[in-house]
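Here are the chains, one letter per residue:
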Amino acid sequence: MKIVRSKKELLEVLAEIEIGKTICFVPTMGALHEGHLSLVDIAKAKADIAIASIFVNSAQFAPHEDFDKYPRDEAADLKMLESRGADIVYLPRQEEMYPQGFDIKISTGDIGQQLEGITRPHFFDGIALVITKFFNQIKPDMAIFGEKDYQQLHVIRKLVDALDMDVTIIGGPIVREANGLAMSSRNRYLSDVQKEQSAALNKSLLQIKDSIIAGAAFDKAISSAKQYMLAQGFDSVDYIEIRHSQTLAPARDDDDINSLRIIATAYLNGVRLLDNIGF
Ligand code: AMP
């Protein structure tokens, strides 16, 4: 596994790749877990060369968010990537990605201001910026994003389409803990007791799904799930929404449920947890 830390080194290893070999890219912010590694497995299955990046992207954090304390464990990450057969790992330095005075922005438009974007208005623009830079630096044939961050996957597809980027975007299924909690680097912030409580997030989405299948109105199903989560120890529920899975347009009670996705974000002891499920 080749480890590269600058654009210059990246260019050198890319130049060594035989013409005609396909590259699949897996961007991450590190603190890796089985969710990330499952994407590396998919990358290896789909392409000749799997390139992962580890970069905590300052552009997607607001000043009051957890950029400084975001978990970083480079040695463990590299070991895991090596054991899963990643070919190249790219760990660019902040100063090289965003040199002093860097002020170029990308706007993801309306979709970037919905759901996650209401609480985190700069989040998707920051992601779009770093992904655009990575795509231009690596020039991958494909890139994989987890369905855990369902809106992110949608925004990236939209970005690639809107800016005519020649990269095929692949979605990877959500990898969960045994209790249903979607794996996330931020789960490291949870105590053992909170990890148990966190099961209520996925359970509540399954409850919503079951009650809607049984004929319940969307808003009734959502409000009882919210109450359940608060009773299970969540501090607050930022949102639970039912959206069309392909467009993320808001759903109505008479829509075909097979085309819908239930998307939620809630806080447990100040930790922001995301989840979503389809029907
Ligand atoms: P992050 O390091 O949180 O930026 O995530 C890097 C990539 O891994 C993103 O495409 C995430 O959607 C994906 N990912 C994170 N957690 C999971 C999970 N539990 N299952 C599948 N993909 C995941």
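Cut-offs used in this document
- Just so you know, the residues in each chain are numbered from 1, in the order the chain's sequence is written.
- Restriction of local features to residues with pLDDT of at least 70 applies here, the model being predicted, together with a cutoff of 80 or more for giving and counting side-chain atom pairs; totals for whole chains, interfaces and linings are based on all residues.
- With hydrogens and water stripped out, all remaining heavy atoms of the structure feed into the side-chain values.
- Throughout, near means a residue has at least one heavy atom within 4 Å of the molecule or strand.
- By the criterion applied in these results, polar contacts are pairs of N or O atoms within 3.5 Å in which, for protein atoms, one can donate a hydrogen and the other can accept it, and in which residues neighboring in sequence qualify only through two side-chain atoms.
- Using the Shrake-Rupley algorithm and a 1.4 Å probe, accessible areas are obtained, with residue cover drawn only from the displayed protein chains.
- Definitions used throughout: a 1 Å grid over protein atoms alone; a cavity as a set of points that fits a 1.4 Å probe which cannot get out; a pocket as an open set with protein on both sides within 12 Å along at least five of seven lines; a lining residue as one with an atom within 4 Å of a point.
- Cavity and pocket membership follows a simple rule, namely that a molecule belongs there if more than half of its atoms are within 2 Å of the grid points.
- Each helix is a run of DSSP H or I of at least 4 residues and each strand a run of E of at least 2, with the numbering of both proceeding from the N terminus.
- Each residue receives one of three labels: charged for Asp, Glu, Lys and Arg, nonpolar for Ala, Val, Leu, Ile, Met, Phe, Trp, Tyr, Cys and Pro, and polar for the others, Gly being one of them.
- Two aromatic rings, drawn from Phe, Tyr or Trp (for Trp, its six-membered ring), form a pair once their centres lie within 6.5 Å of each other, and the interplanar angle then sorts them: stacked below 30 degrees, edge-to-face above 60, tilted otherwise.
- The buried label goes to any residue with under 20% of its type's maximum accessible area, the exposed label to any with over 50%, and the partly exposed label to all in between, with areas taken from a 1.4 Å probe on protein chains only.
- Each residue carries a pLDDT score, the predictor's confidence in it, ranging from 0 to 100.
- A helix is expected to reach a length of 1.5 Å times the quantity of its residues less one.

Draft legend 1. Here's a closer look at the site of the ligand. Around the ligand sit 17 residues in total, of which H36, G146, D149, V175 and M183 are the nearest. H36 places a side-chain nitrogen or oxygen 2.8 Å from an oxygen atom of the ligand. At 2.9 Å from a nitrogen atom of the ligand is found a main-chain nitrogen or oxygen belonging to V175. When the ligand is considered free in solution it has 480 Å² of accessible area, and contact with the protein chains removes 93% of it. More than half of the atoms belonging to the ligand lie within 2 Å of the grid points that define the largest cavity. When contributions to the shell around the ligand are tallied by element, the ones reaching two or more residues are β2 (23–28), α2 (34–46) and β5 (142–146). Looking at which element gives the most residues to the shell around the ligand, the answer is α2, with 3 residues. Grouping the constituent residues of the shell around the ligand by class yields 9 nonpolar, 6 polar and 2 charged.

Draft legend 2. The arrangement of the packing of aromatic side chains in detail. Within this structure, the stated rule accounts for 9 aromatic pairs. Seen from their ring centres, F61 and F67 are 5.4 Å apart, and the 70° between their planes marks the pair as edge-to-face. Considering the side-chain rings of F123 and F124, the 4.9 Å spacing of their centres and the 65° angle between planes classify their relative orientation as edge-to-face. Classification of F124 as buried rests on a relative accessible area of 2%. Taken together, F25, F55, Y90, Y98, F102, F134 and F135 form an aromatic cluster joined through their ring pairs.

Draft legend 3. Local environment of the confidence of the model for the protein chain. Chain-level pLDDT for the protein chain is 98 on average; 100% of the residues reach the 70-or-more range. Within the protein chain, the element-level pLDDT minimum falls on helix α8 (residues 192–197), averaging 96, and the maximum on strand β4 (residues 88–90), averaging 99.

Draft legend 4. Up close: helix α6 (residues 123–138). In this model, α6 (16 residues) spans 22 Å end to end at C-alpha, consistent with the 22 Å of a helix rising 1.5 Å per residue. Counted residue by residue, α6 has 15 buried out of 16 residues, so it is predominantly covered. Of the residues trailing α6, K139 is marked for its positive phi of about 50°.

Draft legend 5. Region of the structure containing unusual backbone geometry. Although it is not a glycine, A31 sits at a positive phi angle of roughly 50°. In this structure, A31 sits in the loop between β2 and α2. Residue A31 is classed as buried on the basis of its relative accessible area of 1%. Despite not being glycine, L248 shows a phi value in the positive range, around 65°. Position of L248 among the secondary structure elements: in the loop between β7 (236–244) and β8 (260–268).

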